[in-house]
Amino acid sequence: MSMEELFMSEYTPSDVTSDDKLWAALAYIFTPLIPIIILLLEDKKNRAYIRAHNAQALAWGVVF
């Protein structure tokens, strides 16, 4: 099982809010700054959707 499958299996699409989508988009646009901030925000880092996209955005920011 890949890391993405592990993170993404914890949520259902009905659990995803527009706030989650906004934070995920910001994580990709302003990587690595926003992903680091998300790691410090307790309520955001516990959301499965945000956690999955945050991990990908952080990896993307470190690689590129």
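The following refers to the structure shown. These figures come from a predicted structure and were not determined experimentally. (Residues numbered from 1 in each chain as written. Predicted model: local features only at pLDDT ≥ 70, side-chain atom pairs only at ≥ 80, totals over all residues. Heavy atoms only, no water.)

**Brief notes about helix H2 (residues 18-29)**
For step 1, the next point in the chain: Spanning 12 residues, H2 covers 16 Å between terminal C-alpha atoms, matching the ideal 16 Å at 1.5 Å per step.
For step 2, the next point in the chain: Buried residues along H2 sit against helix H3 (33-40), helix H4 (42-45) and helix H5 (48-63). (Helix = DSSP H or I, 4+ residues; strand = E, 2+ residues; numbered from the N terminus. Expected span 1.5 Å × (residues − 1). Contact = heavy atoms within 4.5 Å.)

**Thoughts on the packing of H2 against H3**
For step 1, the next point in the chain: Orientation of H2 relative to H3, taken along the N-to-C sense of each, is 135°, at an axis distance of 6 Å. With respect to each other, H2 and H3 are oriented oblique. Of the residues in H3, those touching H2 at Trp 23, Leu 26 and Ala 27 are Ile 34, Pro 35 and Ile 38.
For step 2, the next point in the chain: Across the contact of H2 with H3, the residue classes tally to six nonpolar, no polar and no charged. (Axes fitted to C-alpha atoms, helices over the stretch in contact; angles between N-to-C directions. Parallel < 35°, antiparallel > 145°, perpendicular 65-115°, else oblique. Nonpolar A, V, L, I, M, F, W, Y, C, P; charged D, E, K, R; others polar.)

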